[in-house]
Amino acid sequence: AQTVTQSQPEMSVQEAETVTLSCTYDTSENNYYLFWYKQPPSRQMILVIRQEAYKQQNATENRFSVNFQKAAKSFSLKISDSQLGDTAMYFCAFMKESSKAAGNKLTFGGGTRVLVKP
Amino acid sequence: SAVISQKPSRDICQRGTSLTIQCQVDSQVTMMFWYRQQPGQSLTLIATANQGSEATYESGFVIDKFPISRPNLTFSTLTVSNMSPEDSSIYLCSACVWPSSYNEQFFGPGTRLTVL
């Protein structure tokens, strides 16, 4: 079974500054996907960024980027130029690659609450 | 992509009763999932809703407590049966198209359930 650990329950950052959220995972799989989801107070889960394990290049989406270290099983998220709208819970998630549709299950970390201060 | 709606958005129920939550997707999807998010916690997968067959439940969740239906490729329901205050949670539906190179799951807005 896979486990995902987020060691930072809460982080605060000044507007326009940078914050990095950590995530580690444990798996025996070689092919898998990693995700960061954002959950604002509205409760809507929003995909922020995804990373395929077979890709060495770190994924980036505008102000969001990841540092994927496969050997260390680490997948951190960097939010640059933080905005007030970035205030939310952030969840790291793991999905193993599967030949069966039922393999598309997500395993979530415990979450990190990010507060962007004006 | 897929847009998902859930009904109701929230409800307050008495212990011992049951509530059925509906999940509607705006396009045909292969996989649908139900998650529970207890207060201040992360998301835990309850089950995978399979079209035309019984749902596949995760460890710790049973069909008698959380019966699930999936009559077609765009709709699913989750029933929380014989509720107790410990069932107070947000219940989220998600969907994805498989196989997909993106493996993205789209989530509904959730149903906030409070059991008194």
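What comes next is a walk through the structure. Owing to the predicted nature of the structure, the values given are computational and were not obtained by experimental measurement.

About the criteria used
Residues numbered from 1 in each chain as written. Chains lettered and ligands numbered in written order. Predicted model: local features only at pLDDT ≥ 70, side-chain atom pairs only at ≥ 80, totals over all residues. Heavy atoms only, no water. Helix = DSSP H or I, 4+ residues; strand = E, 2+ residues; numbered from the N terminus. Rg over C-alpha atoms; globule rule 2.2 N^0.38 Å. Buried < 20%, exposed > 50% of the residue type's maximum accessible area, 1.4 Å probe, protein only. Contact = heavy atoms within 4.5 Å. Areas by Shrake-Rupley, 256 points an atom, 1.4 Å probe, with all protein chains shown as cover. Lys, Arg positive; Asp, Glu negative; His and termini not counted. Charge placed at Lys NZ, Arg CZ, Asp CG, Glu CD. Disulfide = S-S within 2.5 Å. Pairing = 2+ DSSP bridges. Axes fitted to C-alpha atoms, helices over the stretch in contact; angles between N-to-C directions.

Examining the overall build of chain A
Phase 1: Of regular secondary structure, chain A possesses 0 helices and 12 strands.
Phase 2: Secondary structure elements in chain A, listed N-terminal to C-terminal, are β-β-β-β-β-β-β-β-β-β-β-β.
Phase 3: Taking 118 residues into account, the globule formula puts the C-alpha radius of gyration at 13 Å, and chain A, at 14 Å, falls close to it.
Phase 4: Burial statistics for chain A: of 118 residues in total, 49% are counted as buried.
Phase 5: Across chain A, the fraction of contacts at a sequence separation of at least 24, relative to all contacts at a separation of at least 6, is 56%.
Phase 6: Accessible surface computed for chain A: about 5,800 Å², of which carbon and sulfur atoms make up 45%.
Phase 7: Across chain A, the mean location of the 13 positive side-chain charges is 7 Å away from that of the 10 negative side-chain charges.

Some words on the state of the cysteines
Residue and element names in this part refer to chain A.
Phase 1: With the rule as written, the count across this model stands at 2 disulfides over all chains.
Phase 2: Paired by a disulfide, Cys-23 and Cys-92 hold their sulfur atoms 2.0 Å apart. Between Cys-23 and Cys-92, the S-S torsion sits near -70°, and that sign places the bridge as left-handed. Taken together, the residues span a long stretch of sequence, with Cys-23 in the loop between strand 3 (19–21) and strand 4 (24–26) and Cys-92 in strand 10 (residues 88–96) at a distance of 69 residues.
Phase 3: Classification of Cys-23 as buried rests on a relative accessible area of 1%.

Brief notes about the sheet that holds strand 3 (residues 19–25) of chain B
All names here are of chain B.
Phase 1: What the 4 strands build is an open sheet, ordered 1-3-8-7; its pairing is antiparallel. The open sheet has two edge strands, strand 1 (4–7) and strand 7 (68–72), and neither has a second partner. Each strand of the sheet is rotated relative to its neighbour by a mean of 15°, with strand direction disregarded.
Phase 2: For strand 1 and strand 3, the ladder comprises 4 bridges, and the chain directions are antiparallel. Bridging from a neighbouring strand, Ser-5 pairs with Gln-24 of strand 3.

Overview of the environment of Ala-53 of chain A
Residue and element names in this part refer to chain A.
Phase 1: Mapped onto the elements of the fold, Ala-53 is located in the loop between strand 6 (46–52) and strand 7 (60–61).
Phase 2: For Ala-53, a relative accessible area of 5% corresponds to the buried category.
Phase 3: Along the backbone, Ala-53 and Lys-70 are 17 residues apart, and their C-alpha atoms lie at a distance of 7.1 Å.
Phase 4: When near neighbours in sequence (up to four residues on either side) are disregarded, Ala-53 contacts Asn-30, Tyr-32, Phe-68 and Lys-70.

Some remarks on unusual backbone geometry
Phase 1: At the junction of Lys-7 of chain B and Pro-8 of chain B, the peptide bond is cis and its omega measures out at -10° in the coordinates.
Phase 2: Within the secondary structure, Pro-8 of chain B sits in the loop between strand 1 and strand 2 (10–13).
Phase 3: Backbone geometry at Ala-16 of chain A places phi at a positive 80°, although glycine is not the residue there.
Phase 4: Relative to the assigned elements, Ala-16 of chain A resides in the loop between strand 2 (10–14) and strand 3.
Phase 5: Its relative accessible area of 47% is what places Ala-16 of chain A among the partly exposed residues.
Phase 6: Within the chain, Asn-82 of chain B stands out as a residue other than glycine whose phi angle is a positive 45°.
Phase 7: With respect to the element layout, Asn-82 of chain B can be found in the loop between strand 8 (75–80) and strand 9 (89–96).
Phase 8: A relative accessible area of 54% means that Asn-82 of chain B is categorised as exposed.

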